[in-house]
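# Examination of the molecular architecture
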Amino acid sequence: MTRWAMVVDLRRCVGCQTCTAACKQANATPPGVQWRRVLDMEVGEYPEVQRTFVPVGCMHCDDPPCMHVCPSTATRKREDGIVTIDYDLCIGCGYCMVACPYQARFKTDRASFAYGDRPTDAEDKGFDGGRLAVATKCTFCVDRVDAGTAQGLTPGIDPEATPACVNSCIAGALHFGDIDNPASNVSHLVAGNTHFRMHEELGTGPRMYYLWG
Amino acid sequence: MDRIAPWLQTHWDARAAGNFIGGGTGSGLAIVAAAMLLASGETQPAAFALAALLIALGLGLVWLEMGRPWRFLHVFLHPHTSWMTREALIAPPLLAALGIAAWFEGAASGVAALVLSLAFLYSQSQILRAAKGIPAWREPRIVPLLVATGIAEGAGAYLLLGAVFGVLPESPFAIALALAAIFARSLAWSSYRRHFARGSAPTGTRGALAAISPTVVMLGTFVPFVLLLAALALPDAVNALAPLGGLAALAAGWWMKYAIVRRAAFNQGFAIAQPPAERSGATRAEARPGWS
Amino acid sequence: MTRREPTTRRRVATYCYQCVAGPDLLTVQVDDGVAVAIEPNFCAAGIHPGAGKVCVKAYGLVQKTYNPHRVLSPMKRTNPLKGRDQDPGFVPISWDEAFDLVAEKLNAIRKSGLLDASGYPKVAASFGGGGTPQSYMGTFPAYLAAWGPVDMGFGSGQGVKCYHSEHLYGELWHRAFTVSPDTPSCRYLLSFGTNTEASGGVVGVRRHADARVRGLRRVQIEPHLSVTGACSAEWLPIRPKTDAAFLYALIHVLLHENARSALDLPFLKARTASPYLVGRHGYYLRDPASRRPLVWDVKRQSAVPHDTPDADPALEGEFLADAIEIGPDGEALERGSLTGTTAFGKLLEHMRRCTPEWAAPICDVPAATIRRVANEFLAQACVGETVEIEGETLPFRPVAITLGKTVNNGWGGYECCWARTVAVALVGGLEVPGGTLGTTVRLNRPMSDRTGSVKPGADGFMTYPFNPTDKEHWSARPNIRNAYRTLVPLAANGPWSQALGPTHLAWMFLDGTPKGLPGVTFPELWFLYRSNPAISFWDTAAITDKISRFPFIVAFAYTRDESNHMADILLPECTDLEGLQLIRIGGTKYVEQFWDQEGFALRQPAVDARGSARDFTDIATELARRTGLLEPYNAAINKGAAGAPLKADGYDFSLDVTKAHGREGIWDAVCRAASAELTDGAASDGLDWYKAHGFRTRRFSTLDWYLYPALVRQGLRFELPYQERLFRIGQELGRRLHDQGMTWWDEQLAEYQALPPWRDFPALWEKAAADAGLNSADFPFWLVTARSMQYAWGANAGIQIMHEVAENVAGHGGVIVNAATAARLGIADGDLVEISTPGRATRGRAVLRQGIRPDTLLMIGQFEHWATPYAKNFNVPSMNGLVPMSLDLTDATGSGADLVRVSLARVGGRE
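So, a few notes on the structure that sits alongside this text. (Residues numbered from 1 in each chain as written. Chains lettered and ligands numbered in written order. Predicted model: local features only at pLDDT ≥ 70, side-chain atom pairs only at ≥ 80, totals over all residues. Heavy atoms only, no water.)

The next thing to look at is the overall build of chain A. Scanning chain A from terminus to terminus reveals 7 helices and 10 strands. A compact globule built from 213 residues should have a C-alpha radius of gyration of about 17 Å, and chain A, at 17 Å, falls within 12% of that. With respect to the three principal axes, the spread of C-alpha positions in chain A is 45 × 45 × 35 Å. Sorting the 213 residues of chain A into buried and exposed places 69% on the buried side. Here the analysis covers contacts within chain A between residues at least 6 apart in sequence; of these, 57% occur between residues at least 24 apart. On chain A, roughly 6500 Å² of surface is accessible, and the fraction owed to carbon and sulfur atoms is 50%. (Helix = DSSP H or I, 4+ residues; strand = E, 2+ residues; numbered from the N terminus. Rg over C-alpha atoms; globule rule 2.2 N^0.38 Å. Buried < 20%, exposed > 50% of the residue type's maximum accessible area, 1.4 Å probe, protein only. Contact = heavy atoms within 4.5 Å. Areas by Shrake-Rupley, 256 points an atom, 1.4 Å probe, with all protein chains shown as cover.)

Given below as C-alpha cells:
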C-alpha cells in the first residue's frame, strides 16, 4: 500500500524560504497564506544559542484531527495517506483549523492580491474563487502526484510528479516518497538517520519525518 | 509575533464564543427548567422559550461566522465523528422540544427537553475537546467544566428569569439546584485549572487562565454561594438575593467561556524534539518555545 | 497544479543572475502566454552543482514581470528641479522622442569632446550588482565600448561595501577575486563572518548542506548568529573588526606552539617566498647580477638565487650574502656582504607577541578557544597527505579559512586577508584540494580562464597588472573621478578596475576635490541601470543630494526608485523574463561557482514584453545608430563584447558592421559562436537550438579549481608571507603623491606593510565617531548589517512575495537587539527604537534575539525606501543613512566597511 510521506533534513535546511515561495507560486495561494513555510527557531541564552530552521505544513496525519471534526466531510484522507479538502463541500466553519495542532490550515474570506485590489495577469491565471472562505492547506501537490503516477512517474524521484516545495529546495533538505515501500528514498532516509516527528505525543501520526543526525 | 511559540487562535472569534455562551446557558436553562418540571411539577414556561432563543442565537452567530453560510446544510454530513454535526443534528429536535415545552406543559415534553438539552450541552463541550490544536480546549477536563457551567448558568438564568418576569416566587429547590451546579462547576474549574497550573502548557494559556481565575472563583462561586445561601436563610429577601446570586453565577460562566474561547486559546505552536546534531548553542534537546 | 488547465502551456528555459552567486538555471511555466510559475531546470541537474535549482529570489520573477508599478513606457521629466522633495513630473513619451532626447545629448558630447576640462569622461555609467547587470543589459557593453571613455566609478556599493580588500589582495596572491573553501572535500572551516547560507547562492548552499551531512565542521566567527552561524558546529561571537587579532593568534599558535615539522615545510620552501632573504631596509636581498631574490641554500651553505635548481633553502635564520638591496624607484640601498633574515624568520618574530592571551581581550573570545581552534585547524589539515584528481597527484589539505563582509573590507581588511592567506599557506592549504581557493579573476586576464591568468612575473611570482607607481608611468592625472589609477595600484587598469577603485571618492570629491587631483566634475550624462545608490550606498542623504545635481540622467527603470527619482529620462527595458541574452556559465565564477562543466546559457523571452518595454540589445543598437557608432558597436560585438567573439580559427559569424541588427540576429550569431567555441568548431547551432535546450556545456577540468598545479608547472611561488612588492609600491606611491603635494592619502599609505602589524581597528571607528563630535559612551553599540537571501539584489525590495516570505526570517522588518540589552534599556519586542549617530538617525522595530552580542545591533539588508513602490511603506531602518563617506575610514585599497558606532533609544511602543 502506498503511503506518501515527507522527510525534512534539519541538518540541511537553511531557512531560505525557497520552498515557501515555490509552494505559494505553484498553488497560487493569496498573500499571507503559506501552506509550506520555514520557521526560524531560536532557543537558549546568549552566548549559548541555538537557531534551527524548521519547514512545517500539513503533516497528512495518520489520525487527522481535522478530518474527525469536519462536519461536512470536506476533509478526507485517501488510501495513499494524502489528506484532502473538497472545497465545494467545505462550509468554512473553521473547526478543522482549531483542530490542527500544526497550524497548517488557512481560510481567506476575501480575494486579495499581491499589489492591492486587482490581480496581476499571473494571479488571474491561478485565482480560484472556489477557495475563498473555505479551508485550504498543503495538498502534497496531489494534482502533480496523481498526474505523475498516471504517467508511470515516481513522485519524489521524477520532478513532474513531485511536490513543488521538494523540487525547489536548494539545500536538498526536502524529500518525498512512499514510506510504506522499504526501498524508497524516504524509507532509506528514515532508516539511516535519527529522526523525530513533531508533536508526536498528541497521537496524530504525522507523516513528516525530521532528520537530525 | 514570530508564529512559532503558541499564539492566540484567530479562527474562532467572539461569535464562536457566543455559541458556547448562548448554547451553553440555553441548554443549561432548559435542563434546569425541565428538572424543575419533573421534580416539582412546576416550572417557568418562559424558561424553555428563553432557552430556545439563546440556543438559536448561539447557532445564528456560528452561522454568521461560517465562510460559506449558505452551504450550512453540509454541516449535517458527518455524524460519524464530528461533534459539530452532532450538535447540529440535535438542535432542531431540541428547539422543537423546547417550543413544545414552552407552550404545552407536560412531563413528556419535559423529559424530551431534558434529554436533548443534556445531549446538546455535552456535544458543545465535546466540540471544544476535539479541537486538538488548542491546548486549553483539548484538555478532557473541559467537558465536565462546560457541562457544569452550562447548568450553573442555566440555573442562574432560571433564578434571574423569576425576578424579571416575577412569574413564580423563587423556589428553594431551584436555589438548591443552582448551589449544586455552582459547586460542581467550582470543582470542575479547580480540576481544570490545576492541570494547567502544574503540567506543561503554553505560557500564554497558563497566564490567561491565571488571570481570570480570581473572577471565576469570586464571581462564579463565592459571591453566588453567599447570596444564594443568604436567600435560603432569609426568605423575605429571597426574591432579591436569589436573582443576584443567579446573575453572578451566570456572568462568571459567560466570562469564563469567553476567556477560554478567546483569551486562553493559544495554539500548540511548534517544537522540535532534537536540534540538528553537531550544532552550536544550547545543549538541551527538545525546543518548545512558548511552553512552560 | 490547482490552476485551471490552460489552452497552451510552455516551459521556457532561462537563467537567473540577480546576485553574484549565480548564474543558475530555471524554467518558467507559461500558461496561455502568461508566466505563472518558476521551477528549477531539471535538465540541468547533471551539469549544475545546485541540481538545476534557483533560490527564493528567482521565484519572485513572476511578480517582477507583472508588477503593476513597473515603468512600461519611456518617461521624461517635466519638473526641472531635482531632489527628494521634488516631484519629477514624469510624463510618458514615445521611444522615438526618448531616443531623440538621449541621442541629442550624446551627440552634443561627441561633438564637444568626450573628456571634460578636468580630463574626466563626460559620460558616466553606474550598474551596481557586482557586474551581474551585465547579464541583463544585452549588447549595451558593446555600445559603451564603441563610445569611448566612460566613467563607471560612481559607486552604488561596489568597491567599498563589497569584499573589496579580498578582491584585490586575493587576485594578487592567488588569483582569487573571491575566495571559497573547496567545499566538496573540505573538513574543517573557519568562517570569519562569511554568510554562505544567506549569500552563497544555490551552489554554495547545496555544497555546504552536502558537506555538513558528510561531516564538515564549520566554526562561525561573527558578532551575531547569522543563518550561517545557525548551521555551523560552533559560533564564536567575536567583537566587530577584531578578526585580524584572532587570525594573528592562530598563526602564532601554528608557528610558536607546535613543532615546526607540523607545518607544510616543503610547500613553504618551494611554493612560497618564505626562504627569501630580507635585508636591513626591509627589501629582499638580491643577486647583484641577476637581481633575483636570494635564498640560503643549506646544501651549498651559501646564498643563491631563489630559482636555483635542487637548492634546499633555509626557512629560518640570519645569513650573510653577497647581495644588493634595492628599494623604491630602483634605488640601490646597499650592496656587498649583507645580512639577511629569511622572510619566514621575520614572520616568526612578527607573530611572537600575538598569543591567544593577547588576542582574547581584543576579540572577546577566550584564549583557550582561540588556541583550541588553531590546533584543530592544524590537526585537520592532513599535512603531507595527497589525493588524485583526474590523474594528477595533488596535496590534500581539507581545511580552509574564509572571510565575510566587514572583515575583508575597510581598515583591517588587508590584515585579515593577509593573515588568512598566510595561515592556510603554513599548512600548505592554499589552492589545493580541500583547501582555500580563489574562484575567478576580474583584474587578471583572461577573465574566463583563471588558470590561464597564471603567468611568470618578477621574483618568481605571478604577474600582476599593478597600476604603475614609478615616476615615469604613474598616473598623476586620473582617467576617471575616483582616481583609482592614481591612488590604488592594486586596482589594475582593466574593464573592471573602475568599479574596484574607491568609488565613494567620486561622490565625495564632487563637493571638494582634494589637492592634486583635477576638480571632480559632474558628468554631463549619467546612465543608471540595476542600481540604486540613493539606497545602497553610504550617507544616502548626501548621495541623493549629489544625484540631484547631475545635469542629465538616463535611468533604465524597472520601477520608480530613489535614484531615478532624479532622472531626466526613464527607459523601460525588458526585465528578466522578457529579454534575450546569452551568457557564460560554469567554469569558475564568483563565490562557490566552480563547476566541472563550462559553457553558455540563454535567457530568452518567456513572455512578450509588457507595455512598451524594449530589449536592451535593441536599445543599444538604436542608440548606436543615432549616435553614429553603429560600426564600432558592431565591431565590439564581433570582438566579443556580447560574451563570445564571433570569429576565431575555423569560424566566422561576424555581423555586418554597417547594419543595425535586431536582437534575434545578434544573439543568433553569438549563439553560433558559442556553439563553435564549445565544440572546437564542430557545431554551429544558433538561437533556435539554445531556445530549445537552454544551455550548452562541455567538461571543465576540476584540476582548474586549483592554482597549485599551474604554479608547480611554471616553477612559481605564492607571493607570501612577506609583502616586499607591496611595501615598495607603497613607498613609491608615497613619493609620487608627495611630489604633487598630496598628503591626504598618507593614512592609507601606512597600510603598505610587508608584514602588517595589528592595529586597534575598532578604535578607528570609535575615533571617527569622536571626531564627529560624539562621546563614545553615548554611542555604545556597534551597528552591523547582514545579507538577506530573500531581498538581496535585483530590486527585490518591491516584490510582495519576497517581503512576505522574508518575514519568516528573524530580523527582517526591524533592528535586532540582544534581549538582555533590550531589557536593560526597557525595550520590548516590537517597540519603536531610534538608532543614531550625531546628526543622523533611523527608526525601526526592535527585534529581540539571543543570538547577538550585547554590544551589537544588526540591520538586515538595506531599506528606508521613500520612492520605490511597495518598499516605501516598509518602515524598516537602514544603516546606510548613518554611515558617512569618510576618507578616515577608507583603507589603502579604497574600501570601507559597513560598521558604525551608534546609540539606541526607545521612542515608542508596539503599534
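This part takes up the overall build of chain B. Scanning chain B for helices and strands turns up 9 helices and 0 strands. In chain B, the succession of helices and strands from N to C terminus is α-α-α-α-α-α-α-α-α. Taking the principal axes of its C-alpha atoms as reference, chain B extends roughly 75 × 45 × 25 Å. Expressed as a percentage of the 292 residues in chain B, the buried residues total 55%. For chain B, the proportion of contacts with a sequence separation of at least 24, taken over those separated by at least 6, is 74%. Of the accessible surface of chain B, which amounts to about 11400 Å², a share of 70% is contributed by carbon and sulfur atoms. Each charge class in chain B was averaged separately, 20 positive and 12 negative side chains, and the resulting centres sit 12 Å apart. (Lys, Arg positive; Asp, Glu negative; His and termini not counted. Charge placed at Lys NZ, Arg CZ, Asp CG, Glu CD.)

We now examine empty space enclosed by the protein. Scanning all chains against the criterion turns up 12 cavities of 30 Å³ or more. Its boundaries defined by the atoms lining it, the largest cavity holds a volume of some 460 Å³. In terms of lining, the largest cavity is formed by 33 residues, of which the most central are A:Lys24, A:Ala28, A:Thr29, A:Pro30 and A:Glu123. Secondary structure elements with two or more residues in the lining of the largest cavity: helix H1 (18-27), strand S6 (106-107) and helix H4 (121-126) of chain A together with helix H1 (61-66) and helix H26 (800-806) of chain C. Here the lining of the largest cavity is composed, by residue class, of 17 nonpolar, 9 polar and 7 charged. Counting residues per element, the ones that place at least two in the lining of the second largest cavity are helix H5 (196-199) and strand S33 (856-860) of chain C. (1 Å grid on protein atoms, 1.4 Å probe; cavity = no way out; pocket = protein on both sides within 12 Å on 5 of 7 lines; lining within 4 Å. Points joined across faces, edges and corners; volume = space filled by probe spheres on them. Nonpolar A, V, L, I, M, F, W, Y, C, P; charged D, E, K, R; others polar.)

Accessible area lost when the parts come together is the quantity often used to give the size of an interface. Listed by partner, the interface residues are 59 residues for chain C and 53 residues for chain A. Carbon and sulfur atoms supply 55% of the area that chain C and chain A bury against each other, a total of about 4700 Å² over both sides. Across the chain C-chain A interface, the total number found is 6 salt bridges. Linking chain C to chain A there are 26 residue pairs in polar contact (both at pLDDT 80 or more). Listed by contribution, the elements that provide at least two residues to the side of chain C that touches chain A are strand S3 (34-40), H1, helix H6 (201-214), helix H7 (227-230) and H26 of chain C. By residue class, the composition of the side of chain C that touches chain A is 34 nonpolar, 12 polar and 13 charged. (Buried area = accessible area lost by both parts, 1.4 Å probe. Salt bridge = Lys/Arg side-chain N within 4 Å of Asp/Glu carboxyl O. Polar contact = N/O pair within 3.5 Å; in protein donor to acceptor, adjacent residues only side chain to side chain.)

Residues and elements named next belong to chain C. Across the sheet, which stays open at both edges, the 4 strands sit in the order S11-S16-S15-S12 with antiparallel pairing between neighbours. With partners counted over all chains shown, the strands left at the sheet margins are strand S11 (277-278) and strand S12 (285-286), one partner each. With respect to the sheet, helix H10 (residues 343-351) is in contact with S11 and strand S16 (332-342), its orientation differing from that of S16 by roughly 65°. (Pairing = 2+ DSSP bridges. Axes fitted to C-alpha atoms, helices over the stretch in contact; angles between N-to-C directions.)

Glancing now at the environment of B:Gly154. Residue and element names in this part refer to chain B. Relative to the helices and strands, Gly154 is located in helix H6 (residues 142-165). Classification of Gly154 by relative accessible area gives buried; the value is 0%. Sequence separation between Gly154 and Asp2 is 152 residues; the distance between their C-alpha atoms is 41 Å.

Before going further, it helps to spend a moment on the sheet that holds strand S25 (residues 594-603) of chain C. Residues and elements named next belong to chain C. One open sheet holds the 3 strands; their spatial order is S24-S25-S28, and the pairing between them is antiparallel. What marks the edges here is a single partner per strand, and that holds for strand S24 (581-588) and strand S28 (695-699). Within the sheet, the average angular offset between the axes of one strand and its neighbour, ignoring direction, is 15°. Bridge analysis of S25 against S28 gives 5 bridges, and the strand direction is antiparallel. If you follow Ala601 over to S28, its bridge partner there is Phe695.

Before going further, it helps to examine the pairing of S16(C). All names here are of chain C. Note: S11 against S16, 2 bridges, orientation antiparallel. Across the sheet, residue Val278 finds its bridge partner in S16, namely Thr341. Bridge count for strand S15 (residues 318-326) against S16 is 9 bridges, and the pairing is antiparallel. In the sheet register, Glu325 faces S16, and the bridge partner there is Glu334. Hairpin connection, S15 to S16: the antiparallel pair is bridged by 5 residues, and Asp329 has positive phi, about 55°.

Once that is clear, we can look at unusual backbone geometry. All names here are of chain C. In this model, Gly22 is joined to Pro23 through a cis peptide bond whose omega is 0°. Inspection of the secondary structure assignment puts Pro23 in the loop between strand S1 (9-16) and strand S2 (24-31). The step from Arg445 to Pro446 runs through a cis peptide bond, and the omega angle for that step is 0°. Note on placement: Pro446 falls in the loop between strand S20 (436-438) and helix H14 (484-487).

Residues and elements named next belong to chain C. Applying the stated criterion across every chain yields a total of 62 aromatic pairs over all chains. Through pairs of rings, three or more aromatic residues link up here, namely Phe127, Phe140, Tyr143, Trp147, Phe527, Tyr529, Phe556 and Phe616. In this arrangement the basic side chain of Arg442 is found over the ring face of Trp496, its NZ or CZ atom lying 5.1 Å from the centre. Taking NZ or CZ as reference, Arg901 lies 4.4 Å from the ring centre of Trp782, over its face. (Phe/Tyr/Trp six-rings, centres within 6.5 Å; stacked < 30°, edge-to-face > 60°. Lys NZ or Arg CZ within 6 Å of the ring centre and 35° of its normal.)

So, about the side chain of B:Ser123. Note on placement: B:Ser123 falls in helix H4 (residues 107-129). The class for B:Ser123 is buried, based on a relative accessible area of 2%.

A separate point is the interface of chain A and chain B. Taken together, the contacts link 57 residues of chain A with 51 residues of chain B. Of the roughly 4300 Å² buried between chain A and chain B, counting both surfaces, carbon and sulfur atoms make up 59%. Three residues, A:Ile91, A:Tyr95 and A:Val98, lead the burial of chain A against chain B; their summed loss comes to 16% of the area buried on that side. Counting every contact that joins chain A to chain B gives 1 salt bridge. Taken together, the links from chain A to chain B amount to 28 residue pairs in polar contact (both at pLDDT 80 or more). Those elements that provide at least two residues to the side of chain A that touches chain B are strand S2 (37-45), strand S3 (48-56), helix H2 (65-69) and helix H3 (95-99) of chain A. Split by residue class, the side of chain A that touches chain B holds 31 nonpolar, 16 polar and 10 charged.

On to the nonpolar core. Formed by 349 residues in total, the largest nonpolar core has its most connected members in C:Phe140, C:Tyr143 and C:Phe527. Considering each element in turn, this core owes the most residues, 11 residues, to helix H8 (residues 243-256) of chain C. (Core = buried A, V, L, I, M, F, W, Y, C linked by side-chain atoms within 4.5 Å.)

All names here are of chain C. Bridge count for strand S31 (residues 832-837) against strand S32 (residues 840-849) is 6 bridges, and the pairing is antiparallel. For Val833, the partnering residue across the bridge sits in S32 and is Gly844. In this antiparallel pair of consecutive strands, S31 and S32, the connection spans 2 residues, and Gly839 shows a positive phi of 80°. Where S31 and strand S34 (residues 900-908) come together, 5 bridges link them in antiparallel fashion. In the sheet register, Ile835 faces S34, and the bridge partner there is Leu904.

Let us now look at a nonpolar patch on the surface. Judged by side-chain polarity, B:Leu38, B:Val111 and B:Val115 come together as a nonpolar surface patch covering roughly 230 Å² of accessible area. When you line up the elements, B:Val111 lands in helix H4. (Patch = residues over 30% accessible without salt bridge, like charges linked within 9 Å, V, L, I, M, F, W, Y side chains within 5 Å.)

What follows concerns the environment of C:Thr139. Residue and element names in this part refer to chain C. By the secondary structure assignment, Thr139 is in the loop between strand S6 (123-126) and helix H3 (140-147). As a C-alpha pair, Thr139 and Glu664 span 525 residues in sequence and 12 Å in three-dimensional space. With residues near it in sequence (within four places) discarded, Thr139 still touches Thr617, Ala620, Thr621, Tyr633, Ile637, Ala642, Ile666 and Trp667.

For the structure on display, the rule yields 81 salt bridges over all chains. Residue C:Lys767 pairs with C:Asp771 through a salt bridge whose shortest N-O separation is 2.9 Å. One end of the pair, C:Lys767, and the other, C:Asp771, are both in helix H25 (residues 761-771), 4 residues apart, so they sit about a helical turn from each other. By sharing partners, the salt bridges in this structure join A:Asp9, A:Arg11, A:Arg12, C:Arg206 and C:Asp210 into a single network.

Turning our attention to the environment of A:Arg144. Residues and elements named next belong to chain A. With respect to the secondary-structure elements, Arg144 resides in helix H5 (residues 142-150). Residue class for Arg144 comes out buried when judged on its relative accessible area of 7%. Sequence separation between Arg144 and Cys100 is 44 residues; the distance between their C-alpha atoms is 24 Å. A polar atom in the side chain of Arg144 sits 2.9 Å from the backbone oxygen of Pro159.

That's the geometry; what it means functionally is another story.
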